[in-house]
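Survey of secondary and tertiary structure
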Amino acid sequence: MSARPYIIGVLAVAGGLAGVSELADATLTTHERMPRDSTTVVVVHGSTVEEGEFALATGVESQVRICQLEVGRNIGPRPLTPLEGDRFRFEFSPGLDKANRDQFRGCMGDIIVDHLQASVESFTLVTGP
């Protein structure tokens, strides 16, 4: 019996494993190290579909706090600040890299709270003192 089929089989398995490894490296989310003194200023927009059982600011802040867990960052020392209309501002510290911004935006769009819709309007990265 020839060893050739075994060698071909081993080479095929090794090639398949290398291909899977390369594919995983190409598709995995990679994070950038953000400076400790950086912040990401986030503006979110909220609206209620019908009269909810809570104030709009309370609902938006709750959703922001849930999605904060997705990105593993602390909200800065200032709480959610109301802006004009139904917009709110807050900061993440340290700042969010692109992968975390995408994750946070997706979470805000995916979370369903009765009578509430909220979405990210903008991200602004601030670095330095």
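Residues numbered from 1 in each chain as written. Predicted model: local features only at pLDDT ≥ 70, side-chain atom pairs only at ≥ 80, totals over all residues. Heavy atoms only, no water.

Looking now at the state of the cysteines. What the rule picks out here adds up to one disulfide. The disulfide partner of Cys-67 is Cys-107, and the S-S distance across this bridge is 2.1 Å. Linking Cys-67 and Cys-107, the disulfide has an S-S dihedral of approximately -80° and is accordingly described as left-handed. A residue pair is termed long-range when its members are at least 10 positions apart, and Cys-67 in helix α2 (residues 56-71) and Cys-107 in helix α3 (residues 98-110) qualify at 40 residues. By relative accessible area, Cys-107 is classed as buried at 8%. (Disulfide = S-S within 2.5 Å. Helix = DSSP H or I, 4+ residues; strand = E, 2+ residues; numbered from the N terminus. Buried < 20%, exposed > 50% of the residue type's maximum accessible area, 1.4 Å probe, protein only.)

With 13 residues, α3 extends 18 Å between its outermost C-alpha atoms, agreeing within 8% with the 18 Å of an ideal straight helix rising 1.5 Å per residue. Considered for burial, the residues of α3 that qualify are Ala-99, Asn-100, Phe-104, Cys-107 and Met-108. Down the axis of α3, the buried set is contained in an arc of 165°. They therefore lie on one face. Opposite the buried face of α3, by more than 90 degrees, sit the exposed residues Gly-109 and Asp-110. In this structure, the buried side of α3 is in contact with β1 (39-48), α2, β4 (87-93) and β5 (116-126). (Expected span 1.5 Å × (residues − 1). Arc of directions from axis to C-beta. Contact = heavy atoms within 4.5 Å.)

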